Amino acid sequence: MYDITIIGGGIVGLATALRIKEQKPSLKVLLLEKENEVAKHQTGHNSGVIHSGLYYKPGSLKATNCIRGYRMLIDFCDKEGVAYDLCGKIVVATTEEQRPLLRNLFERGNQNGLTENRMISQGEMREIEPHVKGLEGIWVPYTGIIDYKAVCEKYAEKFRLLGGEVRFNEKVTDIKNRNTHSEVVTATGKVFETKLLVNCAGLYSDKVAQLTQPENINVRIIPFRGEYYKIRPEKHYLVKNLIYPVPDPNFPFLGVHFTRMIEGGIEAGPNAVFAFKREGYNKLDINVPEMLESLTWPGFQKVAMKYWRTGMGEYYRSFSKAAFTKALQGLIPEIQGDDLIPGGSGVRAQACDYDGGLLDDFSIIENKTAINVCNAPSPAATSSLSIGQTVSEKVLSRF
């Protein structure tokens, strides 16, 4: 019998496991992961950016967790020798219409405590990024780059050293709630008895949550794929560090941008398109039952009606390299289609409620037997230790 069983070996599950064992080593804690290693999905496919907390509504869980988690992550990496680089980024207004949005973003950063940010002129932007095009920008010195898979491996190592147990290739297929405990059944036929469940299953968090309670939950995970190009090495000089656009306030994604990677190279993207499979990293990946689940969810139908123009534009960029290039040229006019080679992709687990709301903040649904992390949006990787702390406090209050 385990005291706590955590489902999901991504960065949130691992950070939660580590925080629990750090605070109460006597508890018997198990982490189950369906793949053969940690960070196989959302965590292992993200862009490797350490986010500052610039974009998030002051006082929201997103903002408070990002700012607290940022400091925790930097301290952890310093202590454990995980490489990172606080190289900074610029956010660029390219049109007159974006200037007020940029100023609002700057004020939001100030409200979130980012007092070292500064507004920069066109000339100052060109000093930082000589090939960028824009009217004015924000210099964000807090932003950095990192390999989050390396962070996850270090979390797992520390968790094991504290006596935690990690089991790979154990996909959860059923959860049976008993009076005093739960039985977690996996695809291998094993049954793990546990007093409390913590669901950090990412792209399948809604499915696992459904197994922990008989009544329906009000959210469905809708998968959105983000596709990247890489810039050819001979054109790396066009981008020094990170260049972002002013985000569209009516769309919950940041828009295509340029990111230097910690291991070398530069990524350009991503777009954001509906994926026909929860782990659909390629354009032709389709899982018909999963696709129909998303398409028939009333909330997603309302989202599709609201954002159909934007969505079609994202799909067009997905299939048209020329359109993708044109979007990037808004920031760096010199970039050409021949400078881009296909890169990787990631799938974002976007929680959508029944009424068509795309959840922008963390969502944790609790019941007698389980704590379900049903939405952990970007910047979940940056915020991981803070989210882990929040969830671990909920866990430990039950012991």
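Throughout, residues of each chain are indexed from 1 in the direction in which the sequence is written. Residue-level local features of this predicted model are given only where pLDDT is at least 70; pairs of side-chain atoms are given and counted only at 80 or more, and the full residue set underlies all totals for whole chains, interfaces and linings. The basis for every side-chain value is the complete set of non-hydrogen atoms in the structure, without hydrogens or water.

With an unreviewed UniProt entry as reference, the protein is termed FAD dependent oxidoreductase, source organism Dyadobacter fermentans. The record in UniProt for the protein states the following under Cofactor (unreviewed entry): "FAD". UniProt positions are given in the numbering used here, feature names are shortened, and annotations may be inferred rather than shown by experiment. The annotation that UniProt attaches to the protein under Sequence similarities (unreviewed entry) is "Belongs to the L2HGDH family."

> I keep staring at the environment of Ala39 and nothing clicks. Help me out?
Each helix corresponds to a stretch of at least 4 residues labelled H or I by DSSP, and each strand to a stretch of at least 2 residues labelled E; elements are numbered beginning at the N terminus. Counting through the fold element by element, Ala39 comes out in the loop between strand 2 (29–32) and strand 3 (49–50). Exposure remark for Ala39: the relative accessible area of 4% places this residue in the buried category. Whether two residues are in contact is decided by their heavy atoms, any of which lying within 4.5 Å being enough. The residues contacting Ala39, other than those within four sequence positions of it, are Gly9, Gly10, Gly44, Lys149 and Cys152. Each residue gets one of three labels from its accessible area relative to the maximum for its type: buried under 20%, exposed over 50%, partly exposed in between, using a 1.4 Å probe on protein chains only.

> Quick question: what am I supposed to make of the nonpolar core here?
In summary, soluble globular proteins display a tendency toward joint burial of nonpolar side chains. The biggest cluster of nonpolar side chains holds 63 residues, and the ones touching the most others in it are Ile6, Val91, Val151 and Tyr155. With eight residues, the top contributor of residues to this core is helix 2 (residues 61–80). Domain borders in the structure are assigned automatically or taken from a domain database. When residues of this core are assigned to domains, at least three map to each of domain 1 (2–45 + 149–218 + 361–397) and domain 2 (86–145 + 221–353). Among all residues touching Tyr155, those that are not within four sequence positions of it are Ile11, Leu14, Ala15, Leu18, Leu73, Phe76, Ser384 and Leu385. Here, nonpolar core refers to any group of buried Ala, Val, Leu, Ile, Met, Phe, Trp, Tyr and Cys residues whose side-chain atoms link them within 4.5 Å. Formed by 21 residues, the second largest nonpolar core is a distinct cluster that contains Met125, Ile231, Leu331 and Ile332.

> Help me out: how do you make sense of the domain arrangement of the protein in this one?
Size of an interface, as often reported, equals the accessible area lost when the parts are brought together. Split by domain assignment, the protein resolves into domain 1 (2–45 + 149–218 + 361–397) and domain 2 (86–145 + 221–353). The interface of domain 1 with domain 2 comprises 16 residues on the first partner and 17 residues on the second. Defined in terms of a 1.4 Å probe, buried area is the accessible area two parts forfeit on being brought together, summed over both. Taking both sides of the interface into account, the surface hidden between domain 1 and domain 2 amounts to around 1400 Å²; carbon and sulfur atoms contribute 47%. When the buried surface of domain 1 facing domain 2 is broken down by residue, His45, Leu203 and Tyr204 rank first, second and third, together holding 40% of it. One side-chain nitrogen of Lys or Arg within 4 Å of one carboxyl oxygen of Asp or Glu is enough to make a salt bridge. Counting across the domain 1 and domain 2 interface gives three salt bridges. The closest approach of N and O atoms between Lys34 and Glu279, which form a salt bridge, is 2.8 Å. Counting of polar contacts relies on pairs of N or O atoms within 3.5 Å, with two restrictions inside protein: one atom must be capable of donating a hydrogen and the other of accepting it, and residues adjacent in sequence are counted only when both atoms are side-chain atoms. Across the domain 1-domain 2 interface, the total number found is ten residue pairs in polar contact (both at pLDDT 80 or more).

> Looking at this structure, I do not really get the sheet that holds strand 3. What am I missing?
Pairing between the strands of a sheet comes from backbone hydrogen bonds, and it takes one of two forms, parallel or antiparallel. Paired strands are those between which DSSP finds at least two bridges. Within the open sheet, the three strands sit side by side as 3-8-4. Their pairing is antiparallel. In the strand order of this sheet, the two ends are held by strand 3 and strand 4 (84–85), each with one partner. Bridge count between strand 4 and strand 8 (residues 144–146): two bridges; the pairing is antiparallel. Within strand 8, the residue paired with Asp85 across the bridge is Ile145.

> I'm lost on the pattern of salt bridges in this one. Help?
Working definition: two side chains of opposite charge can pair if their charged atoms are close together. Within the structure shown, the criterion is met by 28 salt bridges. Note that Lys40 is salt-bridged to Glu37, the shortest N-O span being 3.4 Å. Under the relative-accessibility criterion, Lys40 is labelled partly exposed at 31%. The residue Arg103 makes a salt bridge to Glu136 at a minimum N-O spacing of 2.9 Å.

> I tried to follow the packing of aromatic side chains on my own but got confused; where do I start?
A ring pair, where both rings are aromatic, is described by two values, the distance of the centres and the angle of the planes. Aromatic pairs are defined between Phe, Tyr and Trp rings, using the six-membered ring for Trp, whenever the two ring centres lie within 6.5 Å; interplanar angles under 30 degrees are classed as stacked, those over 60 as edge-to-face, and all others as tilted. Taken as a whole, this structure holds seven aromatic pairs when the rule is applied. With centroids separated by 5.5 Å and ring planes inclined at 85°, the aromatic side chains of Phe274 and Phe276 adopt a geometry described as edge-to-face. Since its relative accessible area comes to 8%, Phe274 is described here as buried. By relative accessible area, which is 25% here, Phe276 ends up partly exposed. Counting every residue linked through ring pairs, the aromatic cluster contains Phe274, Phe276 and Phe300. Across from the ring centre of Tyr2, 4.8 Å away, lies the NZ or CZ of Lys28, which sits over that ring. Sitting over the face of the ring of Phe319, Lys283 holds its NZ or CZ atom 5.8 Å from the ring centroid. Either the NZ atom of lysine or the CZ atom of arginine qualifies as a charge over a ring when it sits within 6 Å of the ring centre and within 35 degrees of the ring normal.

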